[in-house]
Structure formats: structure tokens, C-alpha cells
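Now for the letters of each chain:
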Amino acid sequence: MATWKNEAEAREKIKTMVAEYYHDFKANKTEFKPGDRVSYAARVFDEKEMCALTDAVLDFWLTTGRFADEFEKQFADWIHVRYANLVNSGSSANLIAFMTLTAPELGERQIKKGDEIITVACGFPTTVTPALQYGAIPVFVDVTIPQYNIDTARLEQALSDKTKAVMVAHTLGNPFDLAEVRAFCDRHNLWLVEDNCDALGTQYTINGETRFSGTWGDIGTSSFYPPHHMTMGEGGCVYTNNPLLNRLIKSFRDWGRDCVCPSGKDNFCGHRFDGQHGELPAGYDHKYVYSHFGYNLKVTDMQAAIGCEQLKKMPQFIERRRHNWERLRTALLPLADKLILPEPAPNSRPSWFGFLISVRPETGIKRNEVTRFMEEHNVQTRLLFSGNLIKHPCFDQIRGTDAYRVAGSLENTDFIMNHTFWIGVYPGMTDTMIDYMAQVIAEAVGGNI
């Protein structure tokens with residue numbers, strides 16, 4: 001049996017063994033060969049994440065703790081916001097972001113049942129699901145091609161006296177027209193929620209000021225699911241510069257309680273037993289006062305420990321994603337007569353999540369034939385999530401009702417549903433892998449590069 005002088009020494013020896021384990025059994029020692037599997041995304045990590053995870057396991061705190069506190073501070077500093085709150089997924093982040101705006105503390109700007117939220121049908125469902133489940137009305141507008149983001153020319157058409165917010169995602173790292181959307185929201189006193197789950201690290205400039213996407217709106221959300229820009233396995237974050245919104249975010253995340261004292265710290269505020277809340281008796285324990293119908297969506301400290309190390313790698317992750325995207329686009333330029341290639345939004349520097357491709361219908365080439373060929377040649381493909389969300393079975397029982405409405409046509413949304421797919425540019429990809437994907441795409445459409 002091992003003998004250690006103290007716990008600190010024991011921890012260091014255990015982490016040293018974990019690092020050795022990583023280098024012996026987890027580090028990738030296989031060089032890619034054309035024909036090997038190319039995934040659209042994968043985790044990129046080293047012994048540092050495994051050692052941090054081990055450190056958290058040895059604490060055996062299990063729920064939110066010191067690593068979560070550290071990550072929230074580091075993330076807020078990195079993305080340049082005042083407040084960041086960890087949750088257990090990007091979908092939970094969107095749920096919390098939306099529900100925060102239903103709080104009565106927001107007065108006339110509170111979202112109530114029957115109020116409208118402008119969004120798009122071409123995206124991931126959990127940007128829209130919270131509004132539908134609450135009883136708000138999503139108003140769907142079309143998107144643009146080749147940016148694949150909300151068509152800001154449709155915003156005024158979508159507006160009504162019931163509109164309270166715009167909640168929309170940046171598509172695969174490419175930001176929507178934040179200048180136009182922010183101005184529209186300011187003009188009509190609307191909330192702006194940026195679903196930033198696919199665009200962490202993207203930069204956008206308005207009037208000479210450059211910020212990260214997710215920080216131009218009132219609330220931003222991120223996902224730390226394994227395919228995303230960084231990972232905790234599962235995990236997400238809700239962030240804001242607004243102190244009232246931050247307090248509400250914490251409440252909805254933590255059971256809806258009125259108290260915001262840190263977990264595991266009793267009477268941190270010094271007023272645990274001297275308040276009057278609702279119709280409760282005076283002095284009722286503030287830890288068990290609930291001002292909202294909330295949830296328990298906190299992250300575990302083990303996940304947060306991984307995130308602390310991943311966050312340190314974000315600059316190099318972002319640069320590699322940009323490199324891979326540019327190399328792939330350059331390689332595919334000779335196929336522009338057959339494929340619509342993506343373009344970055346003006347005034348942006350995207351942190352790419354993926355590379356979107358639309359097959360030109362006039363070529364007679366079918367998207368499904370292309371993706372089937374690619375999959376048969378070990379290149380993993382993905383569609384642009386729902387394509388057109390209102391075409392899905394989840395809408396069967398509400399289709400044609402007043403549970404949602406469509407402003408104008410969804411012509412481009414339907415085009416994407418039928419002709420568009422995407423492939424990965426994650427930072428674990430090498431130039432050889434990028435070049436192989438480009439060659440397979442060329443063969444699939446009968447072109448030369």
C-alpha cells in the first residue's frame with residue numbers, strides 16, 4: 001500500500017499517474033491516412049483535462065463547487081461580460097435565458113403567455129422550444145444564403161404589438177447581422193437573446209467596437225457538448241451584463257429560489273431569518289423561499305474542472321477552426337458552379353463550427369446522393385439541424401394553429417431543408433484530413449479540384 005506524507009502529495013502523485021495513463025493510452029499516436037474516418041467533430045484534450053477531472057473527483061464534492069466558481073469567473077473574464085452562470089447543457093442555457101425574461105420583476109417588458117418572439121425555423125429546436133412550452137408565440141422569418149442566418153429585411157414585417165424579444169442563433173459560427181438586429185431591438189424596446197452555442201469565439205464589430213458574439217445581446221448562451229468549440233461532456237453557460245437579469249438567471253437555474261447565497265454557505269447574506277416574503281410567516285427561512293417556478297440545472301464540479309482547462313485552449317482552438325475552414329473553402333472554389341459555398345457575415349471574424357455547403361439544384365445533383373457518397377467514403381456529414389422546424393412531427397398537433405406564426409415565406413429555409421449539408425472543421429483535423437474531404441466532395445459532384 002502506498003504511503004504518502006499528506007493529501008497534497010497524494011493528489012500530485014495520483015495526477016502524475018493519470019498524466020502517464022493519458023500519454024500511454026489516450027494520446028492519438030495514429031497518423032491519418034486518406035480513407036480513414038473523418039468525423040464532423042470530436043473532443044480535443046490532453047492530460048491536463050484528465051488531471052483536472054481527477055482533482056475534482058478527489059474532492060468528491062460532486063455538485064457545483066470550487067471549479068464551477070473558477071470557470072464562471074474565468075469565462076466571464078475571457079468573453080468580457082460581468083456575469084456568467086454555468087448550467088448542464090446548451091439547451092438548458094436557452095431554457096434559462098428565455099424563462100428569465102418571463103419574470104415579473106421585469107415589469108412591462110416581462111414576456112407573458114401569448115407574447116411573440118421573433119426567431120427562425122432553420123436551426124436547432126431548443127432555441128424555440130422554451131417559448132412554445134411556456135405559451136409564447138414564435139414568429140418565424142426566413143434566412144439568407146450563403147450566410148444561413150436570419151433575414152433582417154423581414155424583421156419589421158414580423159413585428160406586432162405583442163413582440164417582446166428576438167431569440168435566434170448564430171449559424172455554425174457565422175454571426176447573424178448583429179448591427180441590424182441590435183438596432184431593431186433598441187428601436188422597439190425588445191430583448192435580444194443570442195444563442196451562441198455554435199459560435200463561441202466569433203467576433204463582430206459595430207461602429208468600430210469589436211466584441212464576442214453572445215455579448216451584444218441582453219443574454220448570451222453557450223453549449224459545452226463534445227462537438228462544440230470547447231467541452232465539459234455536457235454543460236452550458238448563460239451570460240449577461242445586466243445585474244437584474246443575472247439575479248433572475250441564478251434563481252431560475254437554482255430551483256426558482258429567492259435566495260442567491262452560494263451553494264453550501266448558510267446565511268451568507270446575513271438575512272436568512274428576517275424577511276417577509278409573499279404570504280409566508282415573517283422570518284421564514286430564506287433558503288426555502290421561491291420567487292419563480294424554476295429548475296435545478298446546475299453543472300457538476302467534475303465537468304467544470306474539465307472546462308477550466310478547455311477554456312485555456314480556446315485561442316488555439318479558434319485559430320485552428322479558422323485555418324481549417326479557409327483551407328477547405330479554397331480547395332472547393334473550383335466547384336462553385338456546382339456548390340454554393342458559405343460566406344462570412346460582413347463585419348465579422350467567425351469562430352467556425354462547421355462548413356456549410358448547398359448543392360445547386362440546377363445541376364440535377366441531389367444532396368442526399370452527395371452525402372451518401374461521402375458517408376460511404378468515411379466522411380461524416382450533418383444537415384443544418386431541423387432544416388425547417390415547422391415541418392417536423394413535433395409540430396403535427398399545433399400545425400395551422402395560433403401557437404406560432406410565419407412572417408412571409410420560408411423559401412430559403414425550405415431550400416436549405418432540401419439542398420444543404422455541412423461537414424466539420426474542428427481543431428483536431430489536420431490538413432491531410434481537410435484535403436481528403438475536399439477530394440471526396442469533388443468526386444461526389446463529378447468535379448475536379
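Above this text is the structure in question.
From a predicted model like this one, the values you see are computed outputs, not experimental measurements.

Sorry, what's going on with the pairing of strand β3 (residues 137–141) here?
Remember that side chains alternate between the two faces of the sheet whenever the strand is regular. β3 sits mainly inside the fold: five of its five residues count as buried. Neither face of β3 is left uncovered, since the one carrying Ile 137, Val 139 and Val 141 and the one carrying Pro 138 and Phe 140 both have all their residues buried. Judged from the five bridges that link them, strand β2 (residues 116–120) and β3 form a sheet pairing that is parallel. Within β3, the position partnered with Ile 118 by the bridge is Val 139. A crossover links β2 with its parallel partner β3, the connecting element being helix α5 (residues 129–134), and its sense is right-handed. Judged from the two bridges that link them, β3 and strand β13 (residues 405–406) form a sheet pairing that is parallel. Counted as the bridge partner of Val 139 is Arg 405 from β13.

Would you mind showing me how to read the nonpolar core here?
Soluble globular proteins tend to pack their nonpolar side chains together in the buried interior. Counting 33 residues, the largest nonpolar core has Ile 118, Ile 150, Val 166 and Val 181 as the members making the most contacts within it. Listing elements by their share of this core, those giving two or more residues are β2, β3, α6 (155–158), β4 (163–169), α7 (178–188), β6 (203–206) and α11 (411–419). Those residues within four positions of Val 181 in sequence are excluded, and the remaining contacts are Ile 150, Thr 152, Leu 155, Val 166, Phe 176 and Leu 192. Core analysis: the next-biggest nonpolar cluster, separate from the first, contains 30 residues, Leu 332, Phe 421, Ile 423 and Ile 434 among them.

Would you mind showing me how to read the packing of aromatic side chains here?
Each pair of aromatic rings is reported with the distance of its centres and the angle of its planes. For the coordinates displayed, the defined rule picks out 19 aromatic pairs. Taken together, a centroid distance of 5.5 Å and an interplanar angle of 25° make the contact between Phe 71 and Phe 75 stacked. Within this pair, Phe 71 and its partner Phe 75 are both found in helix α3 (residues 66–79), separated by four residues, close to a single helical turn. Assigned by exposure class, Phe 71 and Phe 75 land together as buried.

For this particular structure, what's the right way to read the environment of Ala 444?
Note on placement: Ala 444 falls in helix α12 (residues 431–445). Note: C-alpha distance between Ala 444 and Met 374 (70 residues apart in sequence) is 7.0 Å. Residues within four places of Ala 444 in sequence aside, it is in contact with Val 370 and Phe 373.

Cut-off values and rules
- Residues numbered from 1 in each chain as written.
- Predicted model: local features only at pLDDT ≥ 70, side-chain atom pairs only at ≥ 80, totals over all residues.
- Heavy atoms only, no water.
- Buried < 20%, exposed > 50% of the residue type's maximum accessible area, 1.4 Å probe, protein only.
- Helix = DSSP H or I, 4+ residues; strand = E, 2+ residues; numbered from the N terminus.
- Pairing = 2+ DSSP bridges.
- Right-handed = clockwise from strand over helix to strand, strands pointing away.
- Core = buried A, V, L, I, M, F, W, Y, C linked by side-chain atoms within 4.5 Å.
- Contact = heavy atoms within 4.5 Å.
- Phe/Tyr/Trp six-rings, centres within 6.5 Å; stacked < 30°, edge-to-face > 60°.

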